[in-house]
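Analysis of the macromolecular model
Listed below are the residues making up each chain.
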Amino acid sequence: MLSDSLKSWKKWNGIAKDRIQVWFAAGSPNHVVETQMQKLSTAAHSYGIPVTMHLAESKSDADCLSSLGHIAGLYAQAVGLLSPSTVFAHAVYINKTSDIHLLSPSGFHISHCPTSNSKLASRISPVPELFAAGVNVSLGTDGGPCNNTSDMLQEMKWAAMVYNTPGDTATIPAETVLEMATINGAKAFGLHHLIGSLEIGKRADLLALNVHKAKLQPCVNSVSNVVYAATGQDVHVVVIDGRIVVEGGKLLTMDEEEIIQAANQALALSPQAMHTWKPPKQAKDPTDMVAV
């Protein structure tokens, strides 16, 4: 498996004008023995390959770590994953004192997935404490079955609200959440010098919303409007590296209807026939498949 991953990294990493970045996706501790994880981290350091991993997402994960004699931070340290090139998804069952104290000096990153954690009743990552310790926390959606919409705008709203308590309705303010979804994500990818904010010299990566809708008017605070009121359905234009890939809310690089039909066709196939199904050739330019 590790050798196959290295082959994929050598073949695909950096193509499409460097938009494709191949990472190691480490398995959860209850699926991978420590020696295998150590081999992966050694290869990651040797080749300069970043690593992402679901860390302490659920109680069963925490129980598994405990059975191995670890808490989350000690496990990550033992297998060599404490690094500025590591992004831990979830980090729900981490100790607010010992784990964060151990993890934070390493420069690792967190991908916070509040919708998935809420849907699965996994609890919520201690993001306020992570921020207080100087950890870079970005925002993610997790997989389709755990989130359904994969809508980053909706994810921002939930991230902004999930920590609110009576008397404190802005534990994580809208401005911070917007940073989690933009520049903090770029930092987690190690690409903050190229993307994540609109600055001279950076790539032209941006989206524009159609704010001429009743739910987005009147606009008293633009950041609050984006975080609390907008959804992916309000996206009007998307520009990636200076190229318009969505205009008028319509995807320009692929045929959405054809993709929907192909997805439903694949779902209808029996497991035995799945290997015979081939996706449609909907992209004129091979890089279109990864443009968004």
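Report follows, based on the coordinates. (Residues numbered from 1 in each chain as written. Predicted model: local features only at pLDDT ≥ 70, side-chain atom pairs only at ≥ 80, totals over all residues. Heavy atoms only, no water.)

Observations concerning the side chain of S122
For clarity, the threshold we go by: Secondary structure elements are defined from DSSP: runs of H or I of at least 4 residues count as helices, runs of E of at least 2 residues count as strands, and each element is numbered from the N terminus. Working definition: with a 1.4 Å probe on protein chains only, accessible area under 20% of the residue-type maximum means buried, over 50% means exposed, and in between means partly exposed. Contact definition: two residues touch when any of their heavy atoms are within 4.5 Å.
As for its placement among the helices and strands, S122 is situated in the loop between α7 (114-119) and α8 (127-132). Judged by its relative accessible area of 6%, S122 is buried. Contact partners of S122, with chain neighbours within four places excluded, come to E57, V92, Y93 and N117.

Considering the nonpolar core
Within soluble globular proteins, side chains that are nonpolar tend to cluster in buried spots. Spelled out, the test is: Residues enter a nonpolar core if they are buried and are Ala, Val, Leu, Ile, Met, Phe, Trp, Tyr or Cys, with the set joined through side-chain atoms within 4.5 Å.
Among the nonpolar cores identified, the biggest contains 54 residues, and F24, M37, M53, L81, F88, I110 and V177 are the most heavily contacted of them. With sequence-adjacent residues up to four places away left out, F88 is seen in contact with M53, L55, A76, L81, L82, L103, F108, H109, I110 and S111.

Observations concerning the packing of helix α1 (residues 2-12) against helix α3 (residues 34-47)
Test applied: The axes used here are C-alpha line fits, helices contributing only the stretch in contact, and every angle between their N-to-C directions lies in the interval 0 to 180 degrees. Oblique is the label for any angle not covered by the other classes, which are roughly parallel (under 35 degrees), roughly antiparallel (over 145) and roughly perpendicular (65 to 115). For a crossing to be left-handed, the near helix must be turned anticlockwise from the far one by less than a right angle; the clockwise case is right-handed. Here the nonpolar group is Ala, Val, Leu, Ile, Met, Phe, Trp, Tyr, Cys and Pro; Asp, Glu, Lys and Arg are the charged ones; every other residue, Gly included, is treated as polar.
Closest axis-to-axis distance for the α1/α3 pair is 11 Å, and the angle between their directions is 25°. Taken together, α1 and α3 sit at an angle that is classed as roughly parallel. Where α1 crosses over α3, the handedness of that crossing is right-handed. For the pair α1 and α3, the contacting residues are L2, L6, W9 and K10 in the first and K39, L40, A43 and Y47 in the second. Of the residues belonging to the contact of α1 with α3, the class tally is 6 nonpolar, no polar and 2 charged.

Considerations on the side chain of D99
Note the threshold: Charge assignment in this entry is limited to Lys and Arg as positive and Asp and Glu as negative, and neither His nor the chain termini are counted. Definition used for salt bridges: Asp or Glu carboxyl oxygen within 4 Å of a side-chain nitrogen of Lys or Arg.
Mapped onto the secondary structure, D99 falls in helix α6 (residues 98-103). Buried and without a salt bridge, D99 has R123 as its closest oppositely charged side chain, separated by 9.2 Å. Beyond its immediate chain neighbours, meaning those up to four positions away, D99 contacts I71, A72, G73, L74, Y93 and I94.

Brief notes about the packing of helix α10 (residues 152-161) against helix α11 (residues 174-181)
Running from N to C, α10 and α11 point in directions that differ by 140°, and their axes come no closer than 9 Å. Judged by the angle between their axes, α10 and α11 are oblique. In this structure, α10 meets α11 at a crossing whose hand is right-handed. Taken together, the residues of α11 that come into contact with α10 (itself represented by M152, M156, A159 and A160) are V177, L178 and A181. Of the residues in the contact of α10 with α11, the class split is 7 nonpolar, no polar and no charged.

Geometry only, nothing functional implied.
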